[in-house]
Amino acid sequence: MGVSLLWGITRYLDYFKDPTDAINAGIKGDASNIDVSVGDIYGGEYGSLGLPAELIASSFGKLKDMTPEQIAKV
């Protein structure tokens, strides 16, 4: 994801007024709250393909089930 896309999305959603605030929130955040991992899908690693449980299967995949209020808390 490019910086311009990220900044456009955060401005559109009205989460941040300053790009520095968005970057700081990303540094402090935990991607496992919004990304779906192999472990989330299979309950652990997917050994036959050599995929570790921590591997990201879908970036932002957990956001689809969240309300705007829940997203603001992540």
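A brief structural summary. The shown structure was predicted, so the numbers you read here are calculated from the model rather than taken from an experiment.

## Overview of the environment of Ile-41
Step number 1: Residue placement: Ile-41 occurs in helix α3 (residues 38-42).
Step number 2: A C-alpha to C-alpha distance of 8.4 Å links Ile-41 and Ala-57, two positions 16 residues apart in sequence.
Step number 3: Residues contacting Ile-41, with those up to four places away along its chain left out, are Val-36 and Ala-57.

## Topic: the pattern of salt bridges
Step number 1: Under the criterion given, the structure shown has 2 salt bridges.
Step number 2: A salt bridge links Asp-40 to Lys-62; the nearest nitrogen and oxygen atoms lie 3.2 Å apart. Taken together, the residues span a long stretch of sequence, with Asp-40 in helix α3 and Lys-62 in the loop between β2 (56-58) and α4 (68-73) at a distance of 22 residues.
Step number 3: Its relative accessible area of 44% is what places Asp-40 among the partly exposed residues.
Step number 4: Here Lys-64 makes a salt bridge to Asp-65, at a shortest N to O gap of 3.0 Å. One exposure class covers both Lys-64 and Asp-65, and it is exposed.

How each quantity is defined
Residues numbered from 1 in each chain as written. Predicted model: local features only at pLDDT ≥ 70, side-chain atom pairs only at ≥ 80, totals over all residues. Heavy atoms only, no water. Helix = DSSP H or I, 4+ residues; strand = E, 2+ residues; numbered from the N terminus. Contact = heavy atoms within 4.5 Å. Salt bridge = Lys/Arg side-chain N within 4 Å of Asp/Glu carboxyl O. Buried < 20%, exposed > 50% of the residue type's maximum accessible area, 1.4 Å probe, protein only.

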